[in-house]
Amino acid sequence: MAVIHRTRLTPTKLELLTSWLPSRPWYRGGAAEPQLVKAGGFRLDDPRGEVGIEFLVVTDTSGPRPAGYLVPLTYRGAALDGAEHALVGTMEHGVLGQRWAYDGCHDPVMLAQLSALIEGRVQAQDQNLSDVPDREVTASYTGEGPLPTDFTAIDDRDGTRLTTPQCTTLHLHRVLQPAPDGPLTPAQGATGHVTGSWQLPDGTRARGVFAALHSGPTT
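Every value quoted in this text rests on a predicted model; they were computed, and no experiment measured them.

Novice: Lay out the overall build of the chain in plain terms, naming residues and giving numbers.
Specialist: Counting its secondary structure elements, the chain contains two helices and twelve strands. Order of helices (α) and strands (β) in the chain, N terminus to C terminus: β-α-β-β-β-β-β-α-β-β-β-β-β-β. Relative to the globule expectation of 17 Å for 219 residues, the C-alpha radius of gyration of the chain, 17 Å, shows essentially globular dimensions. Projecting the C-alpha coordinates of the chain onto the three principal axes gives extents of approximately 45 × 40 × 35 Å. When burial is assessed residue by residue, the chain has 47% of its 219 residues classed as buried. Contacts spanning at least 24 positions in sequence make up 56% of the contacts within the chain whose residues lie at least 6 apart. As displayed, the chain has an accessible area near 11,000 Å², and 51% of this comes from carbon and sulfur atoms. Averaging the positions of the 18 positive and the 24 negative side-chain charges in the chain gives two centres separated by 3 Å.

Novice: With reference to specific residues and values, describe the pairing of strand β6 (residues 97–103).
Specialist: In terms of burial, β6 is a largely internal element, six of the seven residues being buried. Summarising the sheet, strand β4 (residues 67–76) and β6 pair through four bridges and their orientation is antiparallel. Of the residues in β6, the one forming a bridge with tyrosine 75 is alanine 101. Where strand β5 (residues 87–93) meets β6, six bridges bridge the pair, whose relative direction is antiparallel. Looking at β6, one finds that methionine 91 is bridged to arginine 99.

Novice: Kindly report on helix α2 (residues 108–119), identifying the contributing residues and their values.
Specialist: The terminal C-alpha atoms of α2, which comprises twelve residues, lie 17 Å apart, in line with the 16 Å expected from a rise of 1.5 Å per residue. Of all the residues in α2, the buried ones are Met110, Leu111, Gln113, Leu114, Ser115, Ala116, Leu117 and Ile118. Where α2 starts, the residue carrying a side-chain oxygen 3.0 Å from the main-chain nitrogen of valine 109 turns out to be aspartate 107. In the stretch just after α2, glycine 120 is the one whose phi turns positive, near 90°.

Novice: Summarise the packing of aromatic side chains; cite the residues concerned and give the values.
Specialist: Evaluated as defined, the whole model comprises six aromatic pairs. For the pair tryptophan 26 and tyrosine 69, a centre-to-centre distance of 5.9 Å together with 45° between the ring planes defines the contact as tilted. Within this pair, whereas tryptophan 26 is found in the loop between α1 (13–20) and β2 (36–44), its partner tyrosine 69 is found in strand β4, the two being separated by 43 residues in sequence. Both residues of the pair, tryptophan 26 and tyrosine 69, count as buried. An angle of 35° between the planes, with centres 6.1 Å apart, marks the rings of tryptophan 198 and phenylalanine 210 as tilted. Linking tryptophan 198 in strand β11 (residues 192–199) with phenylalanine 210 in strand β12 (residues 205–215), this pair joins segments that are twelve residues apart in sequence. Across this residue pair, the class does not change: tryptophan 198 and phenylalanine 210 are buried.

Novice: Tell me what's going on with α1, and back it up with residues and numbers.
Specialist: The α-helix advances 3.6 residues per turn, and as a result positions three or four apart in sequence lie on the same side. Inspection of α1 places Lys13, Leu16, Leu17, Thr18 and Trp20 among the buried residues, and these make up the whole buried set. Next to the buried residues of α1 lie β1 (9–10), β2, β3 (52–60), β4, β5 and β6.

Novice: Residue-level account of the pattern of salt bridges, with values.
Specialist: Enumeration over the complete set of coordinates arrives at nine salt bridges. With its nearest N and O atoms 2.8 Å apart, the salt bridge here joins lysine 13 to glutamate 54. Placement of the pair is lysine 13 in helix α1 and glutamate 54 in strand β3, with a sequence separation of 41 residues. You'll find lysine 13 and glutamate 54 in the same group, each marked buried. Residues joined in a network through salt bridges with shared partners are Lys13, Arg43 and Glu54.

Novice: Pulling in residues and values, what's your account of the nonpolar core?
Specialist: Residues Phe42, Phe55, Leu114, Leu162, Leu170, Val194 and Phe210 are the most contacted members of the largest nonpolar core, which totals 29 residues. The set of elements that each furnish at least two residues to this core consists of β2, β3, α2, β10 (168–172), β11 and β12. In terms of residues, this core owes the most to one element, α2, which gives five residues. The residues touching phenylalanine 210, leaving out its near neighbours within four places in the chain, are Phe42, Val57, Leu70, His171, Leu172, His173, Leu176, Val194, Thr195, Gly196, Ser197 and Trp198. Residues Leu21, Leu36, Tyr69 and Leu73 belong to the second largest nonpolar core, which totals 19 residues.

Each value, and the rule that gives it
Residues numbered from 1 in each chain as written. Predicted model: local features only at pLDDT ≥ 70, side-chain atom pairs only at ≥ 80, totals over all residues. Heavy atoms only, no water. Helix = DSSP H or I, 4+ residues; strand = E, 2+ residues; numbered from the N terminus. Rg over C-alpha atoms; globule rule 2.2 N^0.38 Å. Buried < 20%, exposed > 50% of the residue type's maximum accessible area, 1.4 Å probe, protein only. Contact = heavy atoms within 4.5 Å. Areas by Shrake-Rupley, 256 points an atom, 1.4 Å probe, with all protein chains shown as cover. Lys, Arg positive; Asp, Glu negative; His and termini not counted. Charge placed at Lys NZ, Arg CZ, Asp CG, Glu CD. Pairing = 2+ DSSP bridges. Expected span 1.5 Å × (residues − 1). Polar contact = N/O pair within 3.5 Å; in protein donor to acceptor, adjacent residues only side chain to side chain. Phe/Tyr/Trp six-rings, centres within 6.5 Å; stacked < 30°, edge-to-face > 60°. Salt bridge = Lys/Arg side-chain N within 4 Å of Asp/Glu carboxyl O. Core = buried A, V, L, I, M, F, W, Y, C linked by side-chain atoms within 4.5 Å.

What follows is the structure, encoded as structure tokens:
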């Protein structure tokens, strides 16, 4: 299980994301610098205990309407070969030393654990407490056979699409939309999904779809 250290990060995660988010095609902010606050998220465990995996939800309050973003990050003790394009930045961790933070959609460890979460083989963990499951995160899978993990990440205006040669597509909803009251249902044709909760600027809790899985060609 991942151990959550109570220590200082320099720069902080929000400081890294302030400069990184505007470079993403799915970022909805304007020319003003993002004003970010942490709104929620969860963690997944690396079975080898080497890579930190966090699905961070942040709210940008710089525009006329606050926008919530899902940002999967991985934290490594050394640079990941071939992933220079996915580097969000480096931080100095008070216990672990220098850490390389990556867009998790390009990290094979996160992709493998996300597939395991959808299949029900692992459980989401609390973002702030060690060895505590996050009961607000749910996942489902109605497909056949194990999910592939050889995803290729493509960012567009709508989010990040993780595709495989087997025509499996996992769509990460980078711009989060609170769902209406009532049970959450997967998108039409979806064979799996991940849902979770986060806090809105007014202090209320919202729930929505973080990711939707489609097996087979999509239009």
